[in-house]
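An overview of the molecular structure
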Amino acid sequence: MADDTIRFEVTKLNCGGCAGRAQRALAGVPGVDEASVNFANRMAQVEGSAGVQALRDALASAGYPAGEETIKLTIEGMSCASCVNRVEKALLAVHGVISAHVNLASETAEVRLLAGSADGADLARAVSEAGYKAHLAGDDSAERDARKAEEHKALKRDLILAAALTLPVFIIEMGGHLIPGFHEMIMGSIGQSASWLLQFVLVTAVLVFPGRRFYEVGVPLLFKGAPDMNALVALGTFAAWAYSTVALFLPGLLPEGTRAVYFEAAGVIVTLILLGRFLEARAKGRTGAAIRRLVGLRPATARVERDGEIIELAIEEVQLGDVLHVRPGERIAVDGELLTGQSYIDESMITGEPVPVGKGPGDTVVGGTVNGQGALSFRATAVGKDTMLARIISMVEEAQGARLPIQALADRVVIWFVPAVMAAAALTFVAWMVFGPSPALTYALVATVSVLIIACPCAMGLATPTSIMVGTGRAAELGVLFRKGDALQALDGCEVVAFDKTGTLTEGKPALVRSEAAPGREAAEVLRLAASAEQGSEHPIARALEQAAEGVLSQPVDSAAIAGHGLRATVEDHALLVGAKRLMDREGIALGALETAHDEIASAGQTPVLVAVDGEIAGVFAVADRVKPGARAAIDALHARGVKVAMITGDTTATAQAIAAELGIDHVEAEVLPEGKLAAVKTLRERFGAVAFVGDGINDAPALAEAEVGIGIGTGTDVAIESADVVLVSGAVSGVVEAVHVSGAVLRNIRQNLFWAFGYNVALIPVAAGVLYPAFGLLLSPMLAAGAMALSSVFVLSNALRLRRLAPVLGTETETAAGAAAPYEKESHA
């Protein structure tokens, strides 16, 4: 196939006519010389210079989108942001690649390409030609961990060897500065020539063995005209070694007074940079700790009922519909619906909520959670990649690979960074040779090597991805999933958080919130009689009364619904009327002392339910969609952060205003039809600025998509969750506060890292070049330059790792306890 030919899959082809239309669409793209679409294998072949994006757009407009796929690679050998840029360029050059995103922190690449245009081997080959090792990223975490452990072991071995070989050189050369008489002792015993020869042997061994990694990667890239951090280290250490070797063996080639050796600089540089990379590798290993903890929640085996027997199977063998058995204290294998048994399940590892949740037959259980004291059996409703745990892991991994807009500046700088450093080093050498004091060559060498060594694009490349990895992992532990990594930055810029009401701020089902009895009657007894009368009704208000009632309910006699008013029934020989005020008015029953309570309930936006017994008013009950525990605290916390809070609801204005007053909400959009929520989000944006919308229902999906950040309630519908940028696993309103908190913390952390990465280079490269020498006589040692360079990356990683200790804004224990206990309190009343 010619270099300008690309083959890829075309979707939605139903007949030969479809293939013809798709072919004509491709042929019409500027730059296409020839195009053909084969209906039999659903493949298109295009010759010419047209870009991938133009081909995609043409097919999408024609109604036959190009098939797309994502391939993940593991990349080895990257050491800095320049490496990232080079790998991305190599991947984007492969025919059919739409986008390529390389993450230095996780050492992975995610490539989006036209399906069928290339495969993993093509991509890996392109990366290899760019000077790095690549292979398909598998799902076997044990294999990945083993490979990482082997790399870490090799790095540790090289570090120890380099340190052991360099230490004698350092002591011989630098001991005279620390120990009086040490230099004279060396000169009087083995002499200068033998001392230099020993240093030559030891440092050459350092460069040939542990330092070889810098030359193997850096030198080929140098000859390709695409130098990286390894090339800078290779140049610097080779320059110091070569100059010293000439001074030792061919001193006549150097001017008088410049015959000195810098073997110790070359050895110490390699040792310190290896130390930095060793510490960096350890820190990188901790950035993915959250993912490893989540993966570790999956049990290896499960007890499955097959042919009447309970057998232990590997988790991969569990099938949809299987009945699984769980002993007390065991971890639940997959998602399912409880069949038998009652227990409390610890779901903290999934939802971030610390209080165990009571479960009984009919309730759902989540794979990875821990069973309490009861023996359970359940039917598997999701296995493999469809379980909640697998989906959470997938969401976190996707978010961790995100590239935020804030990284754009670093990316632009990195493209030119290494060539600019080499140019600065060359300029430094020339300046010292022309203007420097005698011996100019020595000064020029020291300054040039320092410039090459101190420059650190590593910190720039690590500044953003490490913070994202650690921050999104910590967010997952708090029950907040950033499905889209760029939501991290967008959420930090939101001026207003808009909540849907029903199911988001409220529990989404009517509940009894107030009881008032007529003089001489007991509210609990009146409620029991009313609930008995409502037993045959399917109305949500009837369910609320039943759940709240205490004592034994009696079977109603002659129960009859009165359309638009309520119902009448006989309970325990009492004639009951249960319904609205118009029912009492129709029956001529005065409200008497309950008139005031009735009006208060109605004005609060709640539903008043009146009960008459034997022709006399007996009680009034308020039924309302109860506010979720912790909602007020969450809104107060948002206000404390300077964020406006709005509510968008289809409920009546009176009800909405009552809820808003109770929660301290700033702005209300009430009586909004489902299709009007999107317009309400636009209105809020015009008035306040960037909007984050929180919702849980199907009708919230358009608003979630329209908002700058859509936050879906994890206990809501799949449609709402799929439309959201951020998912709150537990459904607790406090999750919104934690999401905003994590977003702000991660962005602050990234800004700190970028400030350090840029500030370090801007400040220290001129110092290494010798800008302070004319005024203060200070010239930076190449060894100090190597130490500073190594520490810069360690600083960035250490700063990012602070996010692992990010504390939640709100204590969730109280909220969770209330939320977990409430359903069981209601059941006990029934």
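Residues numbered from 1 in each chain as written. Predicted model: local features only at pLDDT ≥ 70, side-chain atom pairs only at ≥ 80, totals over all residues. Heavy atoms only, no water.

1. Some remarks on the UniProt feature "transmembrane region" (unreviewed entry) in the protein
Under the UniProt annotation, "transmembrane region" (unreviewed entry) lies at residues 159-179, 185-210, 231-254, 260-279, 413-435, 441-464, 754-773 and 779-797. In this annotation, residues 779-797 is assigned 84% helix and 0% strand; the end-to-end C-alpha distance for the span is 28 Å. (UniProt positions renumbered as here; feature names shortened; annotations may be inferred. Helix = DSSP H or I, 4+ residues; strand = E, 2+ residues; numbered from the N terminus.)

2. Observations regarding the environment of Ala109
Structurally, the position occupied by Ala109 is in strand S6 (residues 108-114). Take Ala109: its relative accessible area is 2%, and that puts it in the buried class. Spatially, the C-alpha atoms of Ala109 and Asn14 are 35 Å apart, while their sequence positions differ by 95 residues. Contacts of Ala109, omitting those with residues within four sequence positions, involve Ile71, Lys72, Leu73, Ile75, Leu91, His101 and Val102. (Buried < 20%, exposed > 50% of the residue type's maximum accessible area, 1.4 Å probe, protein only. Contact = heavy atoms within 4.5 Å.)

3. Here's the deal with the nonpolar core
If you look at the biggest cluster of nonpolar residues, it comprises 151 residues, and the most contacted ones within it are Leu91 and Phe482. Counting residues per element, this core draws most heavily on helix H28 (residues 734-769), at 15 residues. Beyond its immediate stretch of four places on either side in the chain, Leu91 contacts Leu73, Val97, Ala100, Val102, Ala109, Val111, Leu123 and Val127. (Core = buried A, V, L, I, M, F, W, Y, C linked by side-chain atoms within 4.5 Å.)

4. Regarding the sheet that holds strand S3 (residues 43-48)
A sheet is described by the order of its strands in space; here three strands give the open sequence S1-S3-S2, paired in antiparallel fashion. For this open sheet the edge positions go to strand S1 (5-9) and strand S2 (32-38), each flanked by a neighbour on one side alone. Direction aside, the axes of adjacent strands within the sheet are offset by 15 degrees on average. Examined bridge by bridge, S2 and S3 share six bridges and lie antiparallel to one another. Within S3, the residue paired with Ser36 across the bridge is Gln45. (Pairing = 2+ DSSP bridges. Axes fitted to C-alpha atoms, helices over the stretch in contact; angles between N-to-C directions.)

5. Considerations on the side chain of Asn371
Considering the arrangement of structural elements, one finds Asn371 in strand S15 (residues 370-371). Residue class for Asn371 comes out buried when judged on its relative accessible area of 3%. There is a polar contact of 2.5 Å between the side chain of Asn371 and the backbone oxygen of Gly374. If sequence neighbours within four positions are ignored, Asn371 has contacts with Val326, Arg327, Pro328, Gly329, Glu330, Ser343, Tyr344, Ile345 and Leu376. (Polar contact = N/O pair within 3.5 Å; in protein donor to acceptor, adjacent residues only side chain to side chain.)

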